[in-house]
Amino acid sequence: MDDCIFCQIGQTQADTHLYSDERCFVIRDIAPSAPTHLLVIPRQHVTSLQAADPAQEVLLSHLITIAEQMARQEQVHQSGYRLVINQGRDAGQGVDHLHLHVLGGKQLPPLG
Ligand code: 5GP
Ligand code: ZN
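First, a word on what this report is: a plain description of the structure on this page. Because the structure is predicted, anything quoted here is derived from the model rather than measured. (Residues numbered from 1 in each chain as written. Chains lettered and ligands numbered in written order. Predicted model: local features only at pLDDT ≥ 70, side-chain atom pairs only at ≥ 80, totals over all residues. Heavy atoms only, no water.)

Our focus in this paragraph is the nonpolar core. Residues Val26, Val40, Leu63, Ile66 and Val102 are the most contacted members of the largest nonpolar core, which totals 16 residues. When residues of this core are traced back to their parent elements, those giving at least two are strand E2 (24–28), strand E3 (36–42), helix H2 (57–73) and strand E5 (100–104). When residues of this core are assigned to their parent elements, the largest contribution, six residues, is made by H2. (Core = buried A, V, L, I, M, F, W, Y, C linked by side-chain atoms within 4.5 Å. Buried < 20%, exposed > 50% of the residue type's maximum accessible area, 1.4 Å probe, protein only. Helix = DSSP H or I, 4+ residues; strand = E, 2+ residues; numbered from the N terminus.)

Written as structure tokens, this is what we have:
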């Protein structure tokens with residue numbers, strides 16, 4: 001997808017990748033809402049969680065596995081962290097390429 005910012009970052013900005021493999025890469029969010037705010041992004045252009053098909057179940061679990069590894073690398077695994085996927089308008093999804101937020105490094109606001 002030529003006009004997708006995350007596809008572009010995946011293909012051209014390897015120097016910004018904190019982690020990379022054949023299925024996903026990890027970058028820091030450009031507008032962090034916590035001291036640790038990472039994005040785990042599949043290389044495949046899947047527009048959203050809803051658009052992921054059952055064949056991508058393994059990919060989804062891989063994203064979570066990498067998020068946990070990154071939390072360890074960022075030293076927030078003991079203090080705690082939050083994983084977030086925004087799906088669609090009401091969640092405020094701003095980039096139409098599936099991604100997993102990893103948030104930590106401070107007391108995060110309660111969800112309820
Ligand atoms: P969403 O709201 O779609 O769940 O999250 C999109 C996230 O991507 C936002 O937190 C936003 O700050 C981040 N973002 C958007 N464009 C860029 C970019 O060009 N580089 C980086 N590193 N993050 C971006
Ligand atoms: Zn994309």
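On to the pairing of E3, then. In terms of residue burial, E3 counts as a mostly covered element, since seven of its seven residues are buried. Side-chain alternation along E3 places Thr36, Leu38, Val40 and Pro42 on one buried face and His37, Leu39 and Ile41 on a second face that is also buried. As paired elements, E3 and E5 share five bridges and run antiparallel to each other. For valine 40, the partnering residue across the bridge sits in E5 and is leucine 100. (Pairing = 2+ DSSP bridges.)

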